[in-house]
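Examining the three-dimensional arrangement
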Protein chains: 2
Amino acid sequence: MKKIGVALLGLGTVGGGTYTILKEKREFFRAVEGVDIEVKYVVEKNLARCAAFGVPEEIVTCDIDKVVADPSVNIVAEFFGGIEPAKSFMLKALKNGKSVVTANKELFSKYWHVLEPVAKENGAGLYFEATCVGGVPIIRTLTEGVQANEILSIKGIVNGTTNYILSAMTEKGTPYAEALKEAQALGFAEADPTADVEGFDATYKISILSTLAYHKKVPVERVYREGISGVDVADINYGRELGMTLKLLAISKSRGGKIEIRVHPAFISCKHPLAAVSGSFNAVHLIGDSVGDIMLYGRGAGALPTGSAIVSDILFAANQKSHRYLPFDNTTTVTADEDFAPDFTSKYYVRMTVKDECGTLGRIAAAFGKYNVSIVTVLQKDATGKDGVPLIFVTHETSEQSARCAIEEVKSLKGVIKINSVIRVED
Amino acid sequence: MKKIGVALLGLGTVGGGTYTILKEKREFFRAVEGVDIEVKYVVEKNLARCAAFGVPEEIVTCDIDKVVADPSVNIVAEFFGGIEPAKSFMLKALKNGKSVVTANKELFSKYWHVLEPVAKENGAGLYFEATCVGGVPIIRTLTEGVQANEILSIKGIVNGTTNYILSAMTEKGTPYAEALKEAQALGFAEADPTADVEGFDATYKISILSTLAYHKKVPVERVYREGISGVDVADINYGRELGMTLKLLAISKSRGGKIEIRVHPAFISCKHPLAAVSGSFNAVHLIGDSVGDIMLYGRGAGALPTGSAIVSDILFAANQKSHRYLPFDNTTTVTADEDFAPDFTSKYYVRMTVKDECGTLGRIAAAFGKYNVSIVTVLQKDATGKDGVPLIFVTHETSEQSARCAIEEVKSLKGVIKINSVIRVED
């Protein structure tokens, strides 16, 4: 039977989950996968944590050089998080011909172009299923499931924290700040929630998924980004009246060879399969030119779900006779502008507060018309009060630039008190 | 570059879709997958059809022996459907060391145990992604995505015809017979719809998925089966009042090493991710012990979606240095009773018609209680009329046997006119 030695770099949440799975399932993997996976080292300073997981003392070390020099280690799984020392350790492992498995989406999305050529040069594998959507096999789906397709679009709810917060705001009307506190108390949000709520985490994931899907480098720096910290429950409620649900979506599309890529709150129809994805669940919806619409759904985080993806990669790597690499050069440091759409198109939900006077609606409609922004829906609420009445427009598909120009002009019109919110609407 | 020769057996709907993808995407696959896939033969009698797809005359043949003797053919993709001659041709291909790719779920579920050992003996691959849920990579997910898990349950909407019919009944209140006619007119149902509406098609798929998931032979003959031809719109409507949606579910569960497996109409909560799967879409929901809940969603049929799965298998097979086989012997002809649960447990929705008299409800409740069937919900509708009033019970989880005994006893009670329907309720 094939014997595979694994070293775990770090024993945090996912590292711990991975250790548990590998320990408890060793016999199962021998029987079912025909491979004997042994944890040879755990690189971790926190000895108490290692003891708590029942890691034998003699395999705990801080000496990465010893680990990568050991010929019995075939695969190194990295759980440190952050950039350093994770990056240096991964490069050392690859240079020694060890395959690397990682859940580190920030590092991977920013340094894939550094890791890939080193892996290729040394015949080592580079696996990253766990970087996107926890245990849901979205990477394997792209590389081994829908290879027959040119991917036309990806839309994902790829961050559990923001989906938990938006679900609470939607289902219970909880205001943002309170929903965030609740998520923090339950462990769904970090003490500093910036990476999640401002959409950075989602940009890492959509960059990785898009690079695989479109077979060209889609750097994380190209991802347009807006977070959810400015979302108002009022808009969620108005959206529901219009048959829409608000989600933080990571979106990329390939149209005529041009890629558009963005992360922002967006309304989608309540009938869209993504609309039913609530709480800390994640999902990715793809459109392929042959397969049509498909969606994968599951938990995007957690020790065992993400550990499941790591171990899946370890087993997949163990079963490869030779590893495969990206079919294009991702090391170019220049971002090719011609690969990206200069603007993107969407529908827009615009909520404004206006004076309840004759002529206002007409002036607003004319301003939209001037920029060829045509209107699908107008919702006027009969709120009374001296502070004006809410007026909501949903537009047809238009370019972001036209929408912005039109809204800028509407803002200055007589009778328009305030533009409260502008939210993109996706099909 | 690796060159792979493919022979297509049959140019029906899926065969045609596959031919189109292979022809149009040859350059794409060279660039992205690093493999040059050439269609060497199309085995098809219908020359007009071959011409319509632009198949060059010189590669059209009816001589399977020539095809399997040609060393330039590496992979044979089968689209005949039915058992013969598909089975004989597939065996010939495997015996000649050609890998086989198939969408033929009936054949595959019934003869996997015949094909697998011949494939193994001859070092040929056997790929069947297209047998289950069209282009949705559920097979690859089981074999390469969630291998770290012991699968605890599978619940699937795996038949587009029945889901289309039930969706029409649910959304528009169309009676069964009319919804079936509509599905036939739109090409979602065959002229003889038996295989779909009576659940046979779903039994093939759940047998294949369960065999892979539980790593033991789960023969199609062990699948308990009920179709949808007896479903009444009235029950769908009452179910909705109770927050449930009716679907034809293919279900298997592994509990303590015992498998239960069944296909029947079932209510699920409107909040379950499967509830939102409507029209001709399919989805499979899995629970793994590490990954938790995951679901894959997409089109379960059609030339290009299923062609996408076939081509995915061709590319996957082309990239294997050696093929993998089932980690257990599936050739035993004796079905091991001890591997299967003697009974299954479920919740039950029971609709009956009763006389609107004192004491009836009490007698019914007592009869349920006698068999330890406890009641979650009672819904009494205030319909008036001499034919009695509808009374609906939903039970807690109980064994099928207890439920049947209780219902048999209720049937004979004073005041009970009729048991109208019994529908299982799944979590």
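Residues numbered from 1 in each chain as written. Chains lettered and ligands numbered in written order. Predicted model: local features only at pLDDT ≥ 70, side-chain atom pairs only at ≥ 80, totals over all residues.

Within chain A one finds 15 helices and 17 strands. Expected size for 427 residues packed as a compact globule is a radius of gyration near 22 Å; at 24 Å, chain A falls within 12% of this value. Considered along the principal axes of its C-alpha atoms, chain A spans approximately 80 × 45 × 35 Å. For chain A, the residues scored as buried account for 52% of the 427 residues in total. In chain A, once contacts between residues fewer than 6 apart in sequence are set aside, the share between residues at least 24 apart is 75%. (Helix = DSSP H or I, 4+ residues; strand = E, 2+ residues; numbered from the N terminus. Rg over C-alpha atoms; globule rule 2.2 N^0.38 Å. Buried ≥ 20, exposed ≤ 12 C-beta atoms within 10 Å, placed from the backbone. Contact = placed C-beta atoms within 7 Å.)

Moving on, we get to the relation of the copies chain B and chain A. Turning one copy of the chain about an axis and sliding it along that axis gives the other copy, so a rotation and a shift relate them. At an RMSD of 0.0 Å, chain B and chain A line up after a rotation of 180° and a shift of 0.0 Å along the axis. Here the symmetry operator amounts to a two-fold rotation axis. Taking C-alpha positions as the reference, the residue of chain B nearest the rotation axis is L296 of chain B, at 2.3 Å. With an isologous cut-off of 70% or more, the 98% of interface residues of chain B that recur at the interface of chain A puts this contact in the isologous class. (Least-squares fit on C-alpha atoms with pLDDT ≥ 70 in both.)

Residues and elements named next belong to chain A. For the bond from E84 to P85, the omega torsion is 5°, close enough to zero to count as cis. Residue placement: P85 occurs in the loop between β4 (75-78) and α5 (86-95). Although it is not a glycine, N372 sits at a positive phi angle of roughly 60°. A count of 12 C-beta atoms within 10 Å places N372 in the exposed class.

The next thing to look at is the domain arrangement of chain A. When its domains are assigned, chain A resolves into domain 1 (2-131), domain 2 (138-299) and domain 3 (345-426). When each unit is reduced to the centre of its C-alpha atoms, the spacing between domain 1 of chain A and domain 3 of chain A is 53 Å. (Domains from an automatic or database assignment.)

What follows covers the sheet that holds strand β5 (residues 99-102) of chain A. All names here are of chain A. Pairing is parallel across the open sheet formed by six strands, whose spatial order is β3-β2-β1-β4-β5-β6. Strands at the two margins of the open sheet, each flanked by one partner only, are β3 (60-61) and β6 (126-127). In this structure, β4 lies alongside β5, joined through four bridges in parallel fashion. Each bridged residue has a counterpart across the sheet, and for E78 the counterpart in β5 is T102. Where helix α13 (residues 303-318) meets the sheet, it contacts β1 (2-9), β2 (35-43), β4, β5 and β6, and its direction lies at approximately 160° from that of β5. (Pairing = 2+ DSSP bridges. Axes fitted to C-alpha atoms, helices over the stretch in contact; angles between N-to-C directions.)

Attention now moves to helix α7 (residues 138-145) of chain A. Burial within α7 of chain A is extensive, with eight of its eight residues counted as buried. Contact partners of the buried residues in α7 of chain A: α11 (200-214), β11 (281-288) and β12 (292-299) of chain A together with α7 (138-145) and α13 (303-319) of chain B.

What follows is about the sheet that holds strand β6 (residues 126-127) of chain B. In sheet architecture, strand pairing relies on hydrogen bonds along the backbone and comes in two forms, parallel and antiparallel. Residue and element names in this part refer to chain B. Overall, parallel pairing links the six strands, which are arranged β3-β2-β1-β4-β5-β6 in an open sheet. With partners counted over all chains shown, the strands left at the sheet margins are β3 (60-61) and β6, one partner each. Sheet strands touched by α13: β1 (2-9), β2 (35-43), β4 (75-78), β5 (99-102) and β6. Its angle to β5, the strand with the most contacts, is close to 160°.

This paragraph deals with the environment of F368 of chain B. Residue and element names in this part refer to chain B. Its location among the elements puts F368 in helix α14 (residues 360-370). Remark: the alpha-carbon pair of F368 and N104, spanning 264 residues in sequence, is separated by 44 Å. Excluding anything up to four places from it in sequence, F368 contacts V373, I375, T395 and A406.

Turning our attention to the packing of helix α14 (residues 360-370) of chain A against helix α15 (residues 400-411) of chain A. In a packed pair of helices, the relevant descriptors are the angle between the two axes and the axis-to-axis distance. Residues and elements named next belong to chain A. Here α14 crosses α15 at 150°, and the two axes come no closer than 8 Å. Here α14 is positioned roughly antiparallel relative to α15, judged by the angle of their axes. Along this stretch, α14 crosses α15, giving a crossing that reads as right-handed. On α15, the residues touching I364, A367, F368 and K370 of α14 are A406, E409 and V410. Of the residues belonging to the contact of α14 with α15, the class tally is five nonpolar, no polar and two charged. (Parallel < 35°, antiparallel > 145°, perpendicular 65-115°, else oblique. Left-handed = near helix turned anticlockwise from the far one by under 90°. Nonpolar A, V, L, I, M, F, W, Y, C, P; charged D, E, K, R; others polar.)

Moving on: the nonpolar core. Counting 261 residues, the largest nonpolar core has I314 of chain A together with I314 of chain B as its most contacted members. The contact partners of I314 of chain A, leaving out residues within four places of it in the chain, are V6, I37, I75, A77 and V101 of chain A. (Core = buried A, V, L, I, M, F, W, Y, C linked by C-beta atoms within 7 Å.)

This part is about the pairing of β11 of chain A. Walk down a regular strand and you will see the side chains alternate between the two sheet faces. Residue and element names in this part refer to chain A. Burial of β11 is extensive: seven of the eight residues sit out of reach of the surface. Here β11 pairs with β12 via eight bridges, running antiparallel. Paired with F281 across the strands is R299, a residue of β12. Linking β11 to β12, which pair antiparallel, is a turn of three residues.

The subject of this paragraph is the interface of chain B and chain A. With 45 residues of chain B in contact, the opposing surface of chain A contributes 45 residues. Secondary structure elements with two or more residues in the side of chain B that touches chain A: α2 (26-33), α7, β12 (292-299) and α13 of chain B. In terms of residue class, the side of chain B that touches chain A is made up of 21 nonpolar, 15 polar and nine charged. Sheet analysis places β12 of chain A next to β12 of chain B, joined by five bridges and oriented antiparallel. Each residue of the ladder has a partner; that of I294 of chain A, found in β12 of chain B, is G298 of chain B.

All names here are of chain B. Two numbers describe how α7 lies on helix α11 (residues 200-214): the axes approach to 10 Å, and their chain directions differ by 10°. Considering the angle they form, α7 stands roughly parallel to α11. Packed against α7, whose contacting residues are I138, I139, L142 and T143, the element α11 presents L209, L212 and A213 at the interface. Tallied by class, residues from the contact of α7 with α11 come to six nonpolar, one polar and no charged.

For chain A, the average pLDDT comes to 94, and 98% of its residues sit at 70 or higher. The ipTM value of the predicted complex is 0.94, and its pTM value is 0.95. (pLDDT = per-residue confidence, 0-100.)

Residue and element names in this part refer to chain A. Structurally, the position occupied by T170 is in helix α8 (residues 160-172). Each C-alpha atom of the pair T170 and L274 lies 14 Å from the other, and the pair is 104 residues apart in sequence. Each residue touching T170, except ones within four places of it in the same chain, is listed here: I236, T245 and L246.

This paragraph deals with the environment of V373 of chain B. Residue and element names in this part refer to chain B. Checked against the element boundaries, V373 lands in the loop between α14 and β14 (375-380). Spatially, the C-alpha atoms of V373 and C405 are 9.8 Å apart, while their sequence positions differ by 32 residues. Those residues in contact with V373 that lie beyond four places of it in its chain are F368, T395, T398, S402, A403 and A406.

With that settled, the discussion passes to the pairing of strand β13 (residues 345-354) of chain B. All names here are of chain B. Burial analysis of β13 places eight of its ten residues in the buried class, which makes it a mostly covered element. When β13 meets strand β16 (residues 398-399), the two strands line up antiparallel, connected through two bridges. Looking at β16, one finds that T345 is bridged to S399. Sheet topology note: the β13/strand β17 (residues 416-426) ladder contains eight bridges and is antiparallel. If you follow Y348 over to β17, its bridge partner there is R424. Sheet topology places β13 next to strand β15 (residues 389-395); six bridges connect them, and they run antiparallel. What sits directly across from M352, in β15, is L391.

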